[in-house]
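Observations on the model geometry
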Amino acid sequence: MSTELHPPIAKIIPHQLEKHGHIRTDNYYWLNDRENPEVIDYLNKENEYYQKSTEHTKAFQKDLFEEMKARIKEDDESYPYFYNGYYYITRFEKGKDYPIYSRKKESLTAAEEIMFDCNEMAKDFTYFNLNGISISEDNKWVSFGVDTVSRRQYTIQIKNLETNEILPLKIENTTGGATWASDNKTIFYTRKDEVTLRSDKIFKHKLGSNPADDVVVYFEKDDTFNVTIYKSKSKKYLIITTESTLTSEYQILLSATPDAKFKVFQKRTRELEYSISHYEDSFYIVTNKDDATNFKLMKTPEDKTSKENWVDLIPHREEVLLEGIDIFKDYLVVSERFDGLNKIRIMPWNGGEEYYLPFEIETYTAYTTTNIDFDTEILRYGYQSMATPSSIIDFNMRTKEKTVLKEQEVLGGKFDKNNYIEERIWATATDGTKVPMSMVYRKGIELNGKNPFLLYAYGSYGMTMDPYFSTTRLSLLDRGFIYAIAHVRGGEDLGRNWYEDGKLLKKKNTFTDFIDCSKYVIEQKYTSPEHLYAEGGSAGGLLMGAIINMNPELYNGVIAQVPFVDVVTTMLDETIPLTTGEYDEWGNPNKKKYYNYMLSYSPYDNVEKKEYPNMYISTGLHDSQVQYWEPAKWIAKLRVYKTNNKQLYLDTNMEAGHGGASGRFEALKEVAKEFTFLLDLEKIKK
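The residue count restarts for each chain, going from 1 along the sequence in the order it is written. Totals for whole chains, interfaces and linings use all residues, but because this is a predicted model, local features are given only for residues with pLDDT of at least 70 and pairs of side-chain atoms are given and counted only at 80 or more. Think of the side-chain values as coming from all heavy atoms in the structure, minus any hydrogens and water.

Description of the packing of aromatic side chains
Stacked, tilted and edge-to-face pairs are distinguished by plane angle, under 30 degrees for stacked and over 60 for edge-to-face with tilted covering the rest, among Phe, Tyr and Trp rings (Trp via its six-membered ring) whose centres lie within 6.5 Å. Applying the stated rule across the entire model yields 36 aromatic pairs. Pairing Y461 with W586 gives two aromatic rings, centres 5.8 Å apart and planes at 90 degrees, and the pair type is edge-to-face. Taken together, the positions of Y461 in the loop between β33 (453–456) and α4 (474–477) and W586 in helix α9 (residues 583–586) put the pair 125 residues apart, joining distant regions of the chain. Note on classification: 1.4 Å probe, protein chains only; a residue is buried when its accessible area is under 20% of the maximum for its type, exposed when over 50%, partly exposed between these limits. Looking at Y461, the relative accessible area reads 31%, which means it is partly exposed. In this structure an aromatic cluster arises from ring pairing among Y237, Y250, F265, Y274, F283 and W310. Whether a charge sits over a ring comes down to the Lys NZ or Arg CZ being within 6 Å of the ring centre and within 35 degrees of the ring normal. Above the plane of the ring of Y468 lies R473, whose end atom (NZ or CZ) is 4.6 Å from the centre. Think of it this way: any DSSP run of H or I at least four residues long counts as a helix, any run of E at least two long counts as a strand, and we number them from the N terminus.

Right under this line is the structure:
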């Protein structure tokens with residue numbers, strides 16, 4: 001009797017999709033039905049096939065999990081930050097999966113007040129996420145959001161911090177966050193469309209009233225826009241943000257008058273992007289007005305907010321991307337990016353000498369962090385590199401003294417950052433563009449083409465993938481892997497044009513950049529096709545799907561997490577969460593030129609009879625960002641089309657969504673699966 005394992009083959013039910021006179025036949029369209037028992041059965045069979053096929057790696061997976069867990073300080077806590085009379089702390093206890101949120105009044109030696117013990121709150125759920133903690137100005141009330149499904153639909157509740165009583169009210173289907181007005185009894189919150197999950201309404205709730213009676217303060221009719229609400233750092237204004245990919249609009253209201261009407265700051269103008277910060281009698285605006293592609297800083301009086309009143313403060317610069325600002329009573333802090341690297345610029349309001357924080361290497365990330373306090377000369381920022389654990393640093397902007405408050409501990413006694421080499425290298429893309437990669441590996445590696453190499457990228461939405469430190473990655477580096485991030489176009493790593501050159505009708509630059517980076521590390525003998533692996537998630541999963549259709553021979557294995565691979569069908573379905581808001585990123589396929597272009601790269605539509613690399617693909621049944629059926633259909637089609645017997649696994653978490661498992665150690669188990677997949681292909685067991 002044969003014991004050979006056979007993968008599940010999904011049944012074929014041809015479904016015709018017609019657009020612009022063009023007909024596509026989708027044989028696996030039927031998988032688009034979460035309620036169909038046959039769909040669940042197919043996903044379970046794929047899971048069973050993956051589990052049985054990798055049975056021989058189970059002990060190694062467990063060892064890897066324990067190894068990664070052993071590096072983590074289990075009883076860790078955040079460095080406290082001071083706000084409105086209290087120190088706030090997030091901490092973990094040994095052996096527990098979820099954080100504890102607490103505070104101490106006036107002094108770090110004061111008694112701890114536990115606001116939320118998420119371990120207690122999560123004990124009846126397989127998934128749990130608490131977010132959006134917001135405290136009233138009188139420090140008495142806290143609102144918070146809870147998601148127990150992993151679909152990013154949060155239920156808002158309110159707790160009395162003096163009595164520790166959670167009020168009976170539950171506000172369903174929100175983004176989780178809420179903003180308190182200065183009267184300490186009114187909250188504003190954002191609701192989502194039940195079907196598309198677009199955040200489209202701002203509501204107002206008064207303590208003691210029935211949520212069913214909550215007033216809609218604002219409804220965004222345009223389905224390409226999302227709305228949020230927050231309070232200015234000065235606490236003077238409540239601010240509604242309405243944004244699409246390319247256009248923004250703000251509305252403001254004095255926080256002391258929550259029942260008055262919001263006023264439009266500057267009405268939306270297509271492709272005008274701006275964000276606002278309040279200071280004294282003015283607003284400061286980061287904007288792309290006047291063709292400022294890389295953004296500039298402008299200023300306007302608080303009573304004259306429309307754009308004809310805006311004046312330049314920091315003009316546009318071709319070579320510098322202005323990413324954001326932090327406003328303090330005596331200082332303006334500007335976050336910039338030059339040549340792909342973070343810069344933090346300190347500018348005293350009194351006209352004193354400005355300066356940049358100094359950073360020595362090229363594979364670092366620096367960013368301002370929790371700077372809620374307005375009246376302080378201390379800037380808190382984070383720093384890390386590919387080989388340097390993350391640090392939280394307090395910097396005195398007047399004396400220029402630096403205090404490292406906390407450096408991430410790597411337990412186990414084996415880690416020494418001096419054992420690793422960090423490099424920034426540049427590949428030349430097909431069109432001559434230089435594309436940077438941030439790389440890390442252990443000292444002593446020979447560049448002989450035999451090193452296992454994991455290349456990661458994302459490359460969409462202008463999301464920058466900065467070099468970062470990872471304790472889990474050490475399990476690969478210490479086994480001889482080289483790890484690199486390819487800063488491909490479609491991100492904003494080298495400025496706004498870097499993003500513009502990797503979206504819409506230039507999207508293929510993202511894919512060819514990654515392929516050219518792959519070819520370069522092979523040419524330079526860092527690795528070879530027998531040892532090169534690629535990884536990406538979500539829109540980065542689209543990148544993975546595209547590169548294996550274009551150049552499958554370059555890779556021995558590919559990891560695609562929650563991959564967006566059925567581009568055309570998804571972008572034509574306006575009921576799917578987030579679709580219509582994405583037209584400025586991918587194009588609107590209801591227009592023929594975008595339809596044709598998407599069709600030319602959509603991974604699912606371009607699967608062919610050819611040899612594909614080994615693949616591990618993960619998804620979540622309740623994913624709200626990329627629906628589970630995209631990877632499920634993709635796998636089903638790949639099973640029929642691929643002409644070799646290399647590994648092809650679909651691993652569906654039947655209880656989670658886009659972010660995977662919720663507990664900090666459960667998430668490590670998912671990483672252990674991915675690493676085991678790679679190390680098993682390399683026959684590395686130690």
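What about the pairing of strand β4 (residues 86–91)?
The pairing criterion for strands is at least two bridges between them, as found by DSSP. Pairing between strand β3 (residues 81–83) and β4: 3 bridges, direction antiparallel. Looking across to β4, one finds that Y81 is bridged to Y88. In this structure, the hairpin formed by β3 and β4 is closed by a connection of 2 residues, where N84 is found at a positive phi of approximately 55 degrees. Taken together, the 6 bridges between β4 and strand β5 (residues 100–105) define a ladder with antiparallel strand orientation. Considered in β5, the bridge of I89 is made with S102.

Remarks on unusual backbone geometry
Despite not being glycine, F295 has its phi angle at roughly 75 degrees, a positive value. Inspection of the secondary structure puts F295 in the loop between β20 (282–287) and β21 (296–301). Residues other than glycine seldom take positive phi values, yet K525 does so here, at roughly 65 degrees. Structurally, K525 is set in the loop between α6 (508–523) and β35 (532–537). A relative accessible area of 46% places K525 in the partly exposed class.

Looking at the sheet that holds strand β23 (residues 320–327)
Spatially, the 4 strands line up as an open sheet ordered β23-β24-β25-β26, and their pairing is antiparallel. Bordering the open sheet on either side are β23 and β26 (355–356), each of which pairs with just one other strand.

What to know about helix α10 (residues 592–601)
Those residues of α10 that fall on the buried side of the exposure criterion are Y594, Y595, Y597, M598, L599 and Y601. Among the structural elements, β1 (15–19), β2 (22–26), α6, α7 (539–550), α8 (567–572) and α9 are those in contact with the buried residues of α10. Two residues form a contact once any of their heavy atoms are found within 4.5 Å.

Focus on the pattern of salt bridges
Salt bridges are defined by distance alone: a side-chain nitrogen of Lys or Arg within 4 Å of a carboxyl oxygen of Asp or Glu. For the structure on display, the rule yields 50 salt bridges. A salt bridge links K45 to D41, with the nearest nitrogen and oxygen atoms 3.1 Å apart. Pair noted here: K45 and D41 are both in helix α1 (residues 37–53), with a separation of 4 residues, about one helical turn. Residue classification places D41 among the partly exposed residues on the basis of a relative accessible area of 38%. Across the pair R270 and D584 runs a salt bridge, and its minimum N-O distance is 3.2 Å. Of this pair, R270 sits in the loop between β18 (263–266) and β19 (274–279) while D584 sits in helix α9, and the two are 314 residues apart along the sequence. By sharing partners, the salt bridges in this structure join E273, E492, R496, E500 and K503 into a single network.

Section: the side chain of D200
Counting through the fold element by element, D200 comes out in strand β13 (residues 199–206). Overall, D200 belongs to the buried group, its relative accessible area being 2%. Not counting the four nearest positions on each side in its chain, D200 is found in contact with R191, K192, D193, Y218, F219, E220 and V227.

Description of α1
Residues spaced three or four apart along an α-helix point in a common direction, a consequence of the helix completing one turn every 3.6 residues. Here α1 spans 24 Å end to end across 17 residues, near enough to the 24 Å set by a 1.5 Å rise per residue. Of the residues making up α1, those classed as buried are V39, Y42, L43, E46, N47, Y49, Y50 and S53. Along α1, the residues classed as buried sweep out an arc of 160 degrees about the axis, all on the same side. Those residues of α1 that are buried lie in contact with α2 (58–70), β37 (614–620), α11 (629–641), β38 (648–653) and α12 (664–681). Throughout this description, a polar contact denotes any pair of N or O atoms lying within 3.5 Å of each other; where both atoms belong to protein, one of them has to be capable of donating a hydrogen while the other can accept it, and for residues adjacent in sequence the pair is counted only when both atoms sit in side chains. Among the residues of α1, the N-terminal cap falls to N36, whose side-chain oxygen and the backbone nitrogen of E38 are separated by 2.8 Å. By this rule the span expected of a helix is its residue count minus one, scaled by 1.5 Å. Here the arc refers to the set of directions running from the helix axis out to each C-beta atom.

What to know about the nonpolar core
The set of buried Ala, Val, Leu, Ile, Met, Phe, Trp, Tyr and Cys residues whose side-chain atoms join them within 4.5 Å is what this entry labels a nonpolar core. One finds M439, F453, L455, F514, I547, Y555 and W634 to be the most contacted residues of the largest nonpolar core, which totals 105 residues. Examining the composition of this core, we find that 8 residues originate from one element, α12, more than from any other. Among all residues touching F453, those that are not within four sequence positions of it are M439, F481, I482, A484, V521, Y526, T527, H531, L532 and Y533. L357, F359, A366 and M397 belong to the second largest nonpolar core, which has 17 residues in total.

Some points on the sheet that holds β35
A sheet is described by the order of its strands in space; here 8 strands give the open sequence β31-β32-β34-β33-β35-β36-β37-β38, paired in mixed fashion. Edge strands, defined here as strands with exactly one partner in the open sheet, are β31 (420–428) and β38. Between one strand and the next, the sheet's axes are offset by a mean angle of 15 degrees, whatever the strand orientation. Of the strand pairs in this sheet, β33 and β35 are connected by 4 bridges, and their pairing is parallel. The residue of β35 that forms the bridge with L454 is Y533. Relative to the sheet, α11 contacts β36 (557–561), β37 and β38, its axis offset from that of β38 by approximately 160 degrees. Helix axes use the C-alpha atoms of the stretch in contact, all axes being lines fitted to C-alpha atoms, and the angles between their N-to-C directions lie in the range 0 to 180 degrees.

Keep in mind that these numbers describe shape and distance, not what the molecule does.
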